[in-house]
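Residue strings, one per chain:
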Amino acid sequence: MVLSVLSLLLLVLASASASALSEPQRIHILARSAVLLVVSLAATGAALARDGPFQVLVLHSFRQSLPVNTDWSNGILAGFASPPDLRINIEVEALDLDRHPEAGYVAHLTETIRSKYTGVRFDVIVPTYTLALQFLLDHGDELFPGVPIVFCGADAEFVATQDLPPRVTGVTSTIDIKGTVELVLELQPDTRQLALVVGSGPLDALVEARARRDLKVFEDRVTFRWLRGMPLPELLAAVGQLPTDTPILYLLQLLDRAGQSNFPFYTKRLYGVANAPIYGLWDTLIGQGIVGGRLMTMKDDGFQAGQMGLRILQGEPPASIPVAVRTANPAVVDGRELARWRIPEDRLPADAQIRHHQKSMWEQYAAQIMTAVAVFVVQGLLIAALALHRRRLQAAQVTLSEELAGRTRAEGLATRLRARLARFAKERSLGTMATTISHEINQPLAAIQNYAQAGKMRLQRNEHNTPKLIDLFASIEEQAERAGAITARVRSLVGSGDPQMRPIALTPQLEAVVRMMASEAGGRRCALVCEPAGDLPEVLGDALQIQLVLVNLLSNAMKSVCSRDGYAKTISIDVAPIGDREVQVGVTDWGPGVAPDRVAEIFEPHYSGSGSGSGSGYDGGMGMGLAIARSIIDAHGGRLWYEPNPAGGAIFRFTLRAAGS
């Protein structure tokens, strides 16, 4: 019926345009239209007059389980199903010729089909792919004499070499390797190497030969790495080791070199280990892990072949239906894979088809997002306007309260820490003041010795001058009392001095010292800048003793920068981890620094150099600040040292052990 309508339409059009043609031309067109109309009506009448349905046989080249057969079958069924007035029965056979090309199998297959369909008259046979077409060209006259053949997906280069009988027509396909590589380079322009996966079977070898021929035009731009015939574990390992800038083109792998077949699931397995996008040659692989390519469209080819077969069932001779030749394939990509590999869609050619297009959140919900944003903005502005004044008052009140409380705490803490520093200096002074103590106590001891020797000599000479001896013993007593006083003073300075080691957070200790020193720094017009690292481990130490070290270093630094008006009155405290075992603290000033010839002396217990830099010469008393500080850090298992500030001034650094080390 469809051809009848088309014939009538052609007849009308021909009649309408006949005035523009010569008389012979008008007659010729009208005659052809009339003949076509008659043939169509006759074929339609014959179809309606049939006792049973039309018989169609579909012969697949591959085994039935392959998805490619499903796509072809669905397209063929759709092509034959369009007219509601025809009854069509479709039989399907899977020849499995890709795995069994041997002559014995083909002979057995031929006999099986002959036995199975004895007495069945088919109206059209539809072979899919080249192997089934070749089978019918070799054995069709024997099995199905005179039956029209409409092939689907046969290789275009193979068809071009054949002298097809008049009863044979169909739809060719082409493996568009060159077009697919061009698409890869468009989507990934930085590609310098392309990996190609191919098998070891006969069809695999045919595809490889075709690929090597077509890829020669790219040799000056891309190098090719062939992954040929690898068993699945080896192939997965090789693909997993490819660089991220090496895309993969899956050509075909029906058989590996061990004779095993994992087709068609290779791309899905490769997808799990690939470091770069995978491309293919068939649209069956969309959804199996490939980005896309210039793909053979199985279902579309099947539909076109079904339409050709339908025309034959309706009476049109096969010879009048030209072979549909595919010279190039459409660019087809998977939108999900474009998103996964972050390939911009604007790199696609204009004719590209995007399947499973992934819409952005904005594309899906633009109106809702804009509405929500507008509502939030209006609400935010209203809330901000109502709360602004109140927040300002509250913030000012909180700030003033915190500043007052902080100043009070800092002043109290400063007083306590200074007292503790003085006590700690006394407790630590015995060992570091050994030279001074021995010098002071040696004087009364020497005097006692001299007086005792004088008295002894007088007694030995029997000079019993009692008043003189009394004077000597009085002098000895006086010097003994003096030595006792010195000893008592030393005993009063001595304490246990053992640090109470426990894990502590260093940043709060720094902040406490800075707050404590803020008042003194303000009086001296100094700026204390504390710059701890963002993520510090806890350290192992005595919090009070660490604070004492920092107070000492900061106090010395303030004295240094305030010793003259020309120095920058800024002191910087920096803290950073050293690996995972230590934390380093540095105190930097921009004062006079330490003279190079005095660096070795500043940690001596009795060093007191005037104007020698941060921390030296400003301790008062016996100059024990840096010596005590070093002894504290040594007791913590760290070290304290000096280094010159490249910008002028001094840097004192010390380390503490991380609590977990």
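Residues numbered from 1 in each chain as written. Predicted model: local features only at pLDDT ≥ 70, side-chain atom pairs only at ≥ 80, totals over all residues. Heavy atoms only, no water.

Peer 1: I'm lost on the side chain of S61 in this one. Help?
Peer 2: Note that S61 resides in the loop between β1 (54–60) and α3 (67–80). Take S61: its relative accessible area is 0%, and that puts it in the buried class. Only 2.5 Å separates the side chain of S61 from the backbone oxygen of T128, close enough to count as a polar contact. Within the local environment of S61, its side chain forms a polar contact with the backbone nitrogen of L131, the two atoms lying 3.5 Å apart. Apart from the residues within four sequence positions on either side, S61 is in contact with L95, D96, L97, D98, T128, Y129, T130, L131 and A132. (Helix = DSSP H or I, 4+ residues; strand = E, 2+ residues; numbered from the N terminus. Buried < 20%, exposed > 50% of the residue type's maximum accessible area, 1.4 Å probe, protein only. Polar contact = N/O pair within 3.5 Å; in protein donor to acceptor, adjacent residues only side chain to side chain. Contact = heavy atoms within 4.5 Å.)

Peer 1: For this particular structure, what's the right way to read the sheet that holds strand β5 (residues 168–173)?
Peer 2: Think of a sheet as strands paired side by side through backbone hydrogen bonds, with each pair either parallel or antiparallel. One open sheet holds the 5 strands; their spatial order is β2-β1-β3-β4-β5, and the pairing between them is parallel. Sheet topology places β2 (88–94) and β5 at the edges, where each strand pairs with a single neighbour. On average, each strand axis in the sheet is tilted by 15° relative to the strand beside it, whichever way the strands run. With 7 bridges connecting them, β1 and β2 associate as parallel partners. Each bridged residue has a counterpart across the sheet, and for Q55 the counterpart in β2 is N89. (Pairing = 2+ DSSP bridges. Axes fitted to C-alpha atoms, helices over the stretch in contact; angles between N-to-C directions.)

Peer 1: Could you clarify how one ought to interpret the packing of helix α17 (residues 543–561) against helix α18 (residues 625–635) in this entry?
Peer 2: Two measures define how a pair of helices packs: the angle their axes make with one another and the distance between the axes. One can describe the packing of α17 onto α18 by two numbers: an axis separation of 10 Å at closest approach and a directional angle of 150°. In terms of orientation, α17 and α18 fall into the roughly antiparallel class. Crossing of α17 against α18: the hand is left-handed. Two secondary-structure elements touch here, α17 through Q545, V549, N552, L553 and N556 and α18 through G625, L626, A629, I632 and I633. Partitioning the contact of α17 with α18 into residue classes produces 6 nonpolar, 4 polar and no charged. (Parallel < 35°, antiparallel > 145°, perpendicular 65-115°, else oblique. Left-handed = near helix turned anticlockwise from the far one by under 90°. Nonpolar A, V, L, I, M, F, W, Y, C, P; charged D, E, K, R; others polar.)

Peer 1: Would you explain the packing of α3 against helix α11 (residues 298–313) in this entry?
Peer 2: Axis separation between α3 and α11 bottoms out at 6 Å; the angle between their running directions is 35°. Crossing hand, α3 versus α11: right-handed. Taking contact as the criterion, the partners of V68, D71, W72, N74, G75, I76, A78, G79 and F80 in α3 are, on α11, M298, K299, D301, G302, F303, G306, Q307, G309, L310 and L313. Among the residues making up the contact of α3 with α11, the classes are represented as 9 nonpolar, 7 polar and 3 charged.

Peer 1: For this particular structure, what's the right way to read the packing of aromatic side chains?
Peer 2: The geometry of an aromatic ring pair is captured by two quantities: the separation of the ring centres and the angle between the planes. The final tally for this structure, using the stated rule, is 6 aromatic pairs. Relative to F122, the ring of Y117 lies with its centre 5.2 Å away and its plane at 70°, an arrangement referred to as edge-to-face. There is no split in this pair, since Y117 and F122 are both buried. Through pairs of rings, three or more aromatic residues link up here, namely F62, W72 and Y129. For the cation-ring pair, R340 lies above Y271, with the distance from its terminal atom to the ring centre recorded as 4.2 Å. Here the guanidinium or amino end of R639 rests over the ring plane of W641, the centre of that ring lying 4.1 Å away. (Phe/Tyr/Trp six-rings, centres within 6.5 Å; stacked < 30°, edge-to-face > 60°. Lys NZ or Arg CZ within 6 Å of the ring centre and 35° of its normal.)

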